[in-house]
Amino acid sequence: MSNKQLPTGTRDEFGTIAMVKEQVTQTIQTNLKNRGFQKIITPLLEYRDVFKPLAKQTYQPYQLIDEHGDTLVLRPDMTLPVARVMSATGIDTPVKWYYSGDIFRVKRRLSGSYNQVTQAGLEIIGYASLKAEWECLITASEICQQLAIPDLTIELSDAQFVAKVLNVLPINDLMQQNLKTALFAKDLTHYAKLIQPLKNDRFYPFLEAWPWLFGDFEAVLQQLTTLPQQPALQNIIGDLKKTKNFLQQHFPTLTVTLDLSVESPQEYYTGMVFKAYSQAANDYLFSGGRYDQLLSNFQQTIQPAVGLAFDIDAIVAQQALQQPPVKTLIYFEPEQWADAQALQANIPNSSLCLTDSSKAAQRIAEQQAAKLIDLTERQA
Ligand SMILES: N[C@@H](Cc1c[nH]c[nH+]1)C(=O)O
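None of these values were measured; they are calculated from a predicted model.

By nearness alone, 15 residues border the ligand, and Asp-77, Thr-79, Glu-123, Gln-266 and Tyr-269 come closest of all. Tyr-268 has a polar side-chain atom sitting 2.9 Å from a nitrogen atom of the ligand. Between Gly-307 and the ligand, the recorded distance is 3.5 Å, taken from a backbone N or O atom to a nitrogen atom. Considered on its own, the ligand offers 300 Å² of accessible surface; in the complex 99% of this is hidden by protein. Only strand S6 (116–125), strand S11 (286–290) and strand S14 (305–311) provide two or more residues apiece to the shell around the ligand. Per-element tally for the shell around the ligand: the top contributor is S14, with three residues. Residues belonging to the shell around the ligand are distributed by class as follows: six nonpolar, six polar and three charged.

A few words on the sheet that holds strand S9 (residues 255–259). Reading across the sheet, the nine strands line up as S1-S5-S6-S14-S11-S10-S7-S9-S8 and stay open at both edges, with mixed pairing between neighbours. One side of each edge strand has no neighbouring strand; the edge strands of this open sheet are strand S1 (38–39) and strand S8 (214–216). Where helix H2 (residues 79–88) meets the sheet, it contacts strand S5 (95–104) and S6, and its direction lies at approximately 135 degrees from that of S5.

With respect to the helices, strands and loops of the structure, Pro-7 is situated in the segment before helix H1 (15–34). Pro-7 sits 108 residues away from Asn-115 along the chain, and the two C-alpha atoms are 9.4 Å apart.

With that settled, consider the confidence of the model for the protein. Predicted confidence across the protein gives a mean pLDDT of 93, with 96% of residues reaching 70 or more. Interface predicted TM-score (ipTM) for the complex: 0.99; the corresponding pTM is 0.92.

This next bit is on the pattern of salt bridges. All told, the structure shown has 12 salt bridges when counted by the stated rule. In this structure, Glu-13 and Lys-21 form a salt bridge, with 2.9 Å as the shortest nitrogen-oxygen distance. According to the relative accessible area criterion, Glu-13 is partly exposed, its value standing at 30%. Glu-142 is the salt-bridge partner of Arg-35, the closest N and O atoms lying 3.0 Å from each other. Here Arg-35, found in the loop between H1 and S1, pairs with Glu-142, found in helix H3 (residues 130–146); they are 107 residues apart in sequence, far enough to count as distant. Note on Arg-35: relative accessible area 29%, which makes it partly exposed.

On to the pairing of strand S7 (residues 152–158). Most of S7 sits inside the fold, with six of its seven residues counted as buried. Here S7 runs beside strand S10 (residues 272–278); their pairing, made up of seven bridges, is antiparallel. What sits directly across from Glu-155, in S10, is Lys-275. Bridge analysis of S7 against S9 gives four bridges, and the strand direction is parallel. Within S9, the position partnered with Thr-153 by the bridge is Thr-255.

About the cut-offs
- Residues numbered from 1 in each chain as written.
- Predicted model: local features only at pLDDT ≥ 70, side-chain atom pairs only at ≥ 80, totals over all residues.
- Heavy atoms only, no water.
- Near = heavy atom within 4 Å.
- Polar contact = N/O pair within 3.5 Å; in protein donor to acceptor, adjacent residues only side chain to side chain.
- Areas by Shrake-Rupley, 256 points an atom, 1.4 Å probe, with all protein chains shown as cover.
- Helix = DSSP H or I, 4+ residues; strand = E, 2+ residues; numbered from the N terminus.
- Nonpolar A, V, L, I, M, F, W, Y, C, P; charged D, E, K, R; others polar.
- Pairing = 2+ DSSP bridges.
- Contact = heavy atoms within 4.5 Å.
- Axes fitted to C-alpha atoms, helices over the stretch in contact; angles between N-to-C directions.
- pLDDT = per-residue confidence, 0-100.
- Salt bridge = Lys/Arg side-chain N within 4 Å of Asp/Glu carboxyl O.
- Buried < 20%, exposed > 50% of the residue type's maximum accessible area, 1.4 Å probe, protein only.

The following block contains the structure:
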């Protein structure tokens, strides 16, 4: 073990990356604030129980024991702490929150991804209307536009769709589970075997098409003609269609896709789910959805909620990293401090050079390939 090394999955950030990260976070937060969202800050450390609703196989949290022997974790998610705040305080709903900060998720050692991820997110609590999903999506799309993210694709899905189809099939729980696992893993050979006994069921043509029901929105809808009429399923599809049309109306260049055979990214989602991608990013840019069963207010009344979080690191990774302007150093005598400071404020990428001699200042400027402004020469 060396004290110069970092724990697996963490990194230091400085220079252009750190600067862009700050700008991206600021753009997101300023937009949310201007849209009437309120800031919420929760601690990095929470009791483990706060995160019970997270699926164990998805996230392993970092755990610590406090002085009383209670298990604490570094937060692996920011939505659940917001749920804790709502149930512990008398805050009125509806309410709209925004936040930013780091989450920690232990990943496999050689997975190549980081265990510390910076998110900025929003939560809209107390609105059951589809308008809440639309506010999330419009806000996030506008932010992406401002961040100049090219070819933004929003993938819509629904956390209930798969369960609702499986529930109407004449199969037991174990069989439902197996079918779901094969569908999510796109294990087509196994999936084909599992649906064989349902050959005479009215859902069979749909089941055959199901693993392919993702991608181009209209193409998926066309294949969906095999789906037998079921009000609960038609309602889901209806809301997804309305949302797609709404988004396209506001953002004509946006690509909206549909996925009806995907696992919900969070176990707590109960309705529409959305993920955004761009070609240049290898991770999703934002992810979110409706979670109507997770959150209760102070009076323990269950509250409808919907939200999303941006993956700031993924956004930064796909931003065109512009070279900063040439660095300028300003050398001055102590009595010129006010002048030096005023000049510095007007020159991008400049800073005060704090050496005692102009020779030393010249050396540093040479080393750093920086331009040097020597105020002592000006005075002479
Ligand atoms: N907490 C979710 C994103 C989200 C915010 N609100 C609802 N969903 C995530 O990290 O994936």
